[in-house]
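Tertiary structure, described
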Amino acid sequence: MSWYKTLATARRVLTQLSHDRRTLALVLLVPCLLLVLLKYVFQGEPRLFNNLAPMMLGIFPLFMMFLVTSIATLRERTTGTLDRLMTQPMSKFDLIFGYALAFSLLGLLQASIASLVTLGLLGVTVMGGTLPVLVVAVAAAFLGTALGLLVSAFATSEFQAVQLVMPILMPQVLLCGLFVARDHMARPLQWLADFLPLTYSVDAMKQVTLNASVTTVLQRDLVVVLGCGILALILGSITIRRQE
Amino acid sequence: MTTSAVKIQNLSVVLSGKFKALKAIDVLLAEGRITGFIGPSGAGKTTLIRSIVGRQKLTSGSITVFGLPAGSPQLREQLSYMTQESSVYTDLSARENLSYFATMFGIKRAALKPLVADILKTVDMTKQADQLASQLSSGQKQRLSLAAALIGFPKLMVLDEPTVGLDPVLRERLWKLFRQLTDGGTTLLISSHVMEEAERCDDLLLLRDGRVLAQGSPQALCDQTGTKSVEQSFLKLVGDKI
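Computed from a predicted structure; not experimentally measured.

1. Some details on the nonpolar core
- Counting 136 residues, the largest nonpolar core has Ile-52, Leu-98, Ala-147 and Val-158 of chain B as the members making the most contacts within it.
- When residues in this core are grouped by element, the largest group, 15 residues, is from helix α3 (residues 46–78) of chain A.
- A domain-level breakdown of this core finds at least three residues from each of domain 1 (4–78 + 154–241) and domain 2 (88–153) of chain B.

What follows is the structure, given as structure tokens:
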């Protein structure tokens, strides 16, 4: 693996995005608009909105990066560029970590703008402050990127890649504690939720919202989210084969 | 006497567990020459090419390239592969595409600019350097893809249908470039289903249904079959096998 090639790959992915201004605008602005919408949905319940909005900051980057990465890497497979790269002197990890780096940076930018809107414009208060919010959001973006890389191997078209959101991400959203506290769910669902990484991403945001200091639970949550991301990246690298 | 760049022994490839794309192929491909893989669609040209560049899992048999098993890490510096699709990033400019592929060969930033400018000039695309690949015509995309294959000064260039869809003037220009490359010692393997392109190659491998029908220079094939063109040779050989 070469850092020069990894950074070149990250730069290339970001340059591609910079040429696609519509996608860039959708990635960066849609979360903000949805948060504003949420604010007015919960107009009569400001405390509920205050609890929900930070959790959304842990979900949006994961969702967006999952979609963008799975489609981008699927394109590598279907347009022949992966064929070219795999016959060149580059490691699979240069490609995978290049993608992870590029989309984590994009996640940081997205989370920064969304946090600015949420904590500034919409008046949401979090005990832990802005920096931990950004750290958790970037970890969620990294996890979304890694999962997107992994699942792109199981899709043969962009249509399928988008459909994979339903079985991979939607159950995690339903079980992560966003709608109902996890200890109010049926016991088997609580167990299942314990195995899903989005649960820990959302839980980390809850910790940041409620605690001024970095709690051990927050540390555990971050380790789980990052660990799952690294595991998904390793599994994703296995799905990219030099010989097919 | 020429040495062989590629040695293929008893090669068979079965795709998706059932379709026999290549059947017991035994050939030697000469170094420093243009060898054409000629045959109709579905003959096995692309599978053979993917096997040589190391992208295709072999069912049986072996391939060595410059004495090393196909797909060896040491070969990645010496080989380039142009796929049938243009295989460039359509949301990058021509220059950005080439710069990225060049970094994969470890070419440092300071050397990138002159190298990319030089390659763009070689394929006559200096004017389109900053145009997004998505805005290029299909012929220009093909040339950009070829330009990417020229990076790293490979000893072996494997080009899958490089001139398909190009106008005659451009095709002529590319064949001149191919000849210059072999004059410099590069080995070229070029697939085509256009018989008139076969006449331009030094050696030919006529393929049909995953088998080698014949191998030799265009003249040798015509002499062998008593015909006046490669197309007639191919038809005669197919007729003999039916």
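Read on, since the account is not over.
2. Comments concerning the domain arrangement of chain B
All names here are of chain B.
- Here chain B is partitioned into domain 1 (4–78 + 154–241) and domain 2 (88–153).
- The straight-line distance from the C-alpha centre of domain 1 to that of domain 2 is 26 Å.
- Contact residues are listed per partner, giving 11 residues for domain 1 and 9 residues for domain 2.
- Elements supplying a minimum of two residues to the side of domain 1 that touches domain 2: β7 (156–160) and α5 (168–183).
- Here the side of domain 1 that touches domain 2 gets 3 residues from one element, more than from any other, and that element is α5.
- For the side of domain 1 that touches domain 2, the class distribution of residues is 7 nonpolar, 1 polar and 3 charged.

3. Section: the sheet that holds strand β3 (residues 34–38) of chain B
Residue and element names in this part refer to chain B.
- The strand order across the open sheet built from 6 strands is β6-β7-β8-β3-β9-β10, with neighbouring strands paired in mixed fashion. Each edge of the sheet is formed by a strand with only one pairing partner; in this case those strands are β6 (79–82) and β10 (211–216). Going from strand to strand, the sheet's axes swing by 15° on average, the running direction of each strand aside.
- Across 5 bridges, β3 lies against strand β8 (residues 187–192) in parallel orientation. Each bridged residue has a counterpart across the sheet, and for Gly-36 the counterpart in β8 is Ile-190.
- Packing against the sheet, α5 makes contact with β3, β7 and β8, and its axis sits at approximately 150° to β8.

4. Observations regarding the interface of chain B and chain A
- Counting from both sides, the interface comprises 24 residues of chain B and, opposite them, 22 residues of chain A.
- Counting only elements with at least two residues in the side of chain B that touches chain A, the list comes to β6 and α2 (94–103) of chain B.
- Ranked by residue count, the leading element in the side of chain B that touches chain A is α2 of chain B, at 3 residues.
- Class assignment of the residues belonging to the side of chain B that touches chain A gives a composition of 11 nonpolar, 6 polar and 7 charged.

The rules behind these values
- Residues numbered from 1 in each chain as written.
- Chains lettered and ligands numbered in written order.
- Predicted model: local features only at pLDDT ≥ 70, side-chain atom pairs only at ≥ 80, totals over all residues.
- Core = buried A, V, L, I, M, F, W, Y, C linked by C-beta atoms within 7 Å.
- Buried ≥ 20, exposed ≤ 12 C-beta atoms within 10 Å, placed from the backbone.
- Helix = DSSP H or I, 4+ residues; strand = E, 2+ residues; numbered from the N terminus.
- Domains from an automatic or database assignment.
- Contact = placed C-beta atoms within 7 Å.
- Nonpolar A, V, L, I, M, F, W, Y, C, P; charged D, E, K, R; others polar.
- Pairing = 2+ DSSP bridges.
- Axes fitted to C-alpha atoms, helices over the stretch in contact; angles between N-to-C directions.

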